[in-house]
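Chain by chain, the residues:
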Amino acid sequence: METGSSSSNFKLYDRLELLEYDDRLVVKSLESPGEGFSICRRQGIIAPLSEASSSGKPSKTSTIYGVAGTIRLLAGTYVLVITSRKEVGSFLGKPVYRVESMKFLACNEALRFSNSQEKRDEAYFMTLLKTVEATPGLYYSYETDITVNLQRRFKLMEGWASKPLWKQADPRFVWNRHLLEELIEYKLDRFIIPLLQGNILKLLLPRVFQLISMCLSFQVAQLKLKNSPATFTLLSRRCTRRLGTRMWRRGANLEGDTANFIETEQLLEFEGFRCSSLQIRGSIPLLWEQIVDLSYKPQLRIINHEETPQVVERHFTDLFQRYGETIALDLTDKHGDEGQLSAAYAAEMQKLPNVRYVSFDFHYVCGSSNFDNLRVLYDQISEDYEKQGYFLVDKDDKILEEQKGIIRSNCIDCLDRTNVTQSYFAQKSLNIQLQRLGVFASNEYISMFPEDYLKFRTLWAEQGDEISLEYAGTHALKGDLVRYGKQTVSGLIKDGMSALSRYYMNNFHDGIRQDALDLVSGRYTVSKSNPSPFQLNSFESLSYLPVASALVIGGLTLTTFSIQQAGRNSQHYVSSVVWAGVTAGVMALVKANGRQFCSRPRLCRLV
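What counts, and at which threshold
Residues numbered from 1 in each chain as written. Predicted model: local features only at pLDDT ≥ 70, side-chain atom pairs only at ≥ 80, totals over all residues. Heavy atoms only, no water. Helix = DSSP H or I, 4+ residues; strand = E, 2+ residues; numbered from the N terminus. Buried < 20%, exposed > 50% of the residue type's maximum accessible area, 1.4 Å probe, protein only. Contact = heavy atoms within 4.5 Å. Core = buried A, V, L, I, M, F, W, Y, C linked by side-chain atoms within 4.5 Å. Polar contact = N/O pair within 3.5 Å; in protein donor to acceptor, adjacent residues only side chain to side chain. Salt bridge = Lys/Arg side-chain N within 4 Å of Asp/Glu carboxyl O. Pairing = 2+ DSSP bridges. Axes fitted to C-alpha atoms, helices over the stretch in contact; angles between N-to-C directions. Patch = residues over 30% accessible without salt bridge, like charges linked within 9 Å, V, L, I, M, F, W, Y side chains within 5 Å. Areas by Shrake-Rupley, 256 points an atom, 1.4 Å probe, with all protein chains shown as cover. Parallel < 35°, antiparallel > 145°, perpendicular 65-115°, else oblique. Left-handed = near helix turned anticlockwise from the far one by under 90°. Expected span 1.5 Å × (residues − 1). Bend = angle between axes of the 7 residues up to and from the residue.

*Asks:* With reference to specific residues and values, describe the overall build of the protein chain.
*Replies:* Looking only at helices and strands, one finds 16 helices and 22 strands in the protein chain. Residues classed as buried in the protein chain amount to 57% of the 607 residues present. In the protein chain, once contacts between residues fewer than 6 apart in sequence are set aside, the share between residues at least 24 apart is 70%.

Pasting the structure below:
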């Protein structure tokens, strides 16, 4: 068993010096100047630090906080470095940082020898790298792994924490796993930083009337609770096996990996005791798609495939091996497109052992504001849920309880309805744990302490926002249901703005974001021996959208003007009809070819 507290734990170099020469980049540890490596700017070759490689006067010297990896494109290698960071708290006593900014440095001197098509391709790839630089929600620690949950840490063999961090990490949750391959090959263990995408939020529950800061999405607030200090941490880990954006990564792939799969761990630390409870979310594990087409809610389409039963089985077999028996909560509507998808999911679930499938129409039961109606769902599964339990160790690291199963929640996006539901079950779990530890009596609950209950729910709402930003590009909807248990006017306005932002992002930006994620995750590999993906998909439909928009707006303007002038000159009637016809024709053309006017990924297929 390893908890990460041993003095022999592996530690990364936390401050580095970057020296930029005309022909090479040199990275050195500031605490151990003899440790480092160089990268040739012409061929991208990595070499251990030598006296020759660090000699001469660099054109630029700067401090960086980690090397997140390298990627090879057509004209050379690009190195991703962390240029700024922020300490946002701790995990099991070790500092945790959030990436504030990062940058790709080019080692592409061979670009000048490339042909015109390669230069065009490289320019697009470099645009994708700029998108990657702005990736939100990346966290890491120099002293401990943050990708492995507490229960699994206690199951690992002695000596685990002394291994390099990249060997300790759960590869499912290492965002930059593909980018680290060259650094791993050259055994640069103390420079290799596994990055986790998700979020880490911490709540301090101090003694009564003793005010203390709370790290709430890393904003300061204050709270009080009864008479016992405790620490509450919420940590979400995004899986990289089917990484993508909201509309371009739906459902499962043939291996059974699902889009927007996230493991959320709720940690409670009290007088040396540590509790952990896990929940997971993930897209419905069928083969299905929802291609953007300029409509607000594109049509769902189930992909009929002979391997669909095996896909579902692979997914839940993997969950059973990792987490135990699974309760699958399906929160989708039971009518329309969602209803057809839900019915197909339910039919496949009847074939599986070790899984309890529960269908719960969230919108029908809870509407837009009845958060408390989730008790109907809880009453339905409470016995099985409480049997699953939670993980608990005492101050001597003796295991007192183990979590024996998991709740897997999904709606369509696995964002808004899912986050409301998970926060409800998290509250139930927290009550059980606080009662077990003696902080609460058997008839006391977190909801009986209004100020602290609001802080707890706000923590979950902030988590929902960050997860939504990573997948959909906007804040979560229904955040007020989590924060206050009801919908507010300001919440409705915020949801409306977020819905419009989602529409814009999904239709006009996410194709590029999806390409960037496919590139950085290694799903698409750049190779000179392969034909250009842009020659294969050469029609730039998006470039016609401004023209179509201008024609529609111009047509409406001229039609309106012609109608206003029609009373003075009968010829304007004809003009009005002509321009109205042109406008209607353009609008019909755009609607009929909506998919062609949207931003589409160009590197990989959907499944």
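*Asks:* Help me get a handle on the nonpolar core, residues and values and all.
*Replies:* Within the largest apolar cluster, 43 residues are counted, with the highest numbers of intra-cluster contacts made by Phe 232, Leu 329, Phe 362, Leu 374, Leu 377 and Phe 425. With six residues, helix H9 (residues 416–436) is the single largest residue contributor to this core. Aside from chain neighbours lying at most four places away, what touches Phe 425 is Gln 279, Leu 329, Leu 377, Tyr 378, Ile 381, Tyr 385 and Ile 407.

*Asks:* So what's going on with the environment of Asp 413? Residues and values would help.
*Replies:* Here Asp 413 is to be found in the loop between strand S22 (405–410) and H9. In this structure the C-alpha to C-alpha distance between Asp 413 and Ser 283, which are 130 residues apart in sequence, comes to 6.7 Å. Setting aside residues up to four positions removed in sequence, Asp 413 forms contacts with Arg 246, Arg 250, Asn 260, Tyr 471 and Arg 502. A distance of 2.6 Å separates a polar atom in the side chain of Asp 413 from a polar atom in the side chain of Arg 250.

*Asks:* So, the pattern of salt bridges: which residues are in play, and what are the values?
*Replies:* Counting across every chain of the model gives 34 salt bridges. A salt bridge links Asp 257 to Arg 241, with the nearest nitrogen and oxygen atoms 3.5 Å apart. A residue pair is termed long-range when its members are at least 10 positions apart, and Asp 257 in the loop between strand S13 (230–238) and strand S14 (262–270) and Arg 241 in the loop between S13 and S14 qualify at 16 residues. For Asp 257, a relative accessible area of 16% gives the class buried. Residue Arg 241 is classed as partly exposed on the basis of its relative accessible area, which comes to 34%. Two residues, Lys 387 and Glu 383, come together in a salt bridge whose shortest N-O distance is 3.6 Å. A residue pair is termed a helical-turn pair when its members lie 3 or 4 positions apart in one helix, as Lys 387 and Glu 383 do in helix H8 (residues 375–388) at four residues. Since its relative accessible area comes to 54%, Lys 387 is described here as exposed. With a relative accessible area of 55%, Glu 383 lands in the exposed category. Within the structure, one salt-bridge network assembled from shared partners comprises Arg 152, Asp 170, Arg 172, Arg 237, Glu 263 and Glu 265.

*Asks:* Before we move on, can you summarise the sheet that holds strand S4 (residues 46–48) with the specific residues and values?
*Replies:* Taking strand neighbours across the sheet as the criterion, the five strands line up as S4-S3-S2-S1-S5 in an open arrangement whose pairing is antiparallel. Strands at the two margins of the open sheet, each flanked by one partner only, are S4 and strand S5 (60–64). For this sheet, the mean angle separating the axes of adjacent strands, direction not counted, is 20 degrees. Judged from the five bridges that link them, strand S1 (residues 16–20) and S5 form a sheet pairing that is antiparallel. From the neighbouring strand, Glu 20 faces S5, where its bridge partner is Lys 60.

*Asks:* Requested: an account of a nonpolar patch on the surface, with residues and values cited.
*Replies:* Taken together, the side chains of Val 489, Ile 493, Met 497 and Leu 500 present a nonpolar region at the surface, about 450 Å² in accessible area. For Met 497, a relative accessible area of 54% corresponds to the exposed category.

*Asks:* Which residues make up the packing of H8 against H9, and what are the values?
*Replies:* One way to put it is that H8 packs onto H9 with a least axis distance of 12 Å and a crossing angle of 50 degrees. Here H8 lies oblique to H9, going by the angle between them. The two elements H8 and H9 cross, and the hand of that crossing is right-handed. On H9, the residues touching Arg 375, Leu 377, Tyr 378, Ile 381, Tyr 385 and Glu 386 of H8 are Thr 421, Tyr 424, Phe 425, Lys 428, Ser 429 and Ile 432.

*Asks:* Any chance you could break down the pairing of strand S18 (residues 325–330) for me, citing the residues and the numbers?
*Replies:* Each regular strand carries side chains that alternate between the two faces of the sheet. Of all six residues that make up S18, five are buried, and the element is covered over most of its length. Pairing of S18 with S22, which is carried by six bridges, proceeds in the parallel orientation. Considered in S22, the bridge of Glu 325 is made with Gly 405. Sheet analysis places S18 next to strand S19 (residues 355–359), joined by five bridges and oriented parallel. By the bridge assignment for S19, Leu 329 is matched with Val 358.

*Asks:* Residues and numbers for the side chain of Gln 290, please.
*Replies:* You can see Gln 290 is positioned in the loop between strand S16 (288–289) and strand S17 (301–302). On the basis of relative accessible area, Gln 290 is assigned to the buried category, the value being 4%. Within the structure, Gln 290 has its side chain in polar contact with the side chain of Arg 250 (distance 2.6 Å). Looking at Gln 290, its side chain comes within polar contact range of the main-chain oxygen of Pro 298, at 2.8 Å.

*Asks:* Provide a residue-level description of the side chain of Glu 444, including the pertinent values.
*Replies:* You can see Glu 444 is positioned in the loop between H9 and helix H10 (450–471). Reaching out from Glu 444, the side chain makes a polar contact with the backbone nitrogen of Ala 441 at a distance of 2.8 Å.

*Asks:* Outline H8, listing residues and values.
*Replies:* Quick reminder: α-helices carry 3.6 residues per turn. Residues three or four places apart thus point the same way. Compared with the 20 Å implied by 1.5 Å per residue over 14 residues, the 18 Å span of H8 between its first and last C-alpha is a close match. Its axis deflected by about 65 degrees at Ile 381, H8 carries its strongest bend there. Listed as buried for H8 are Leu 377, Tyr 378, Ile 381, Ser 382, Tyr 385 and Gln 388. Of the surrounding elements, those touching the buried residues of H8 are S18, S19, S22 and H9. Two residues or fewer after H8 comes Gly 389, characterised by a positive phi angle close to 75 degrees.

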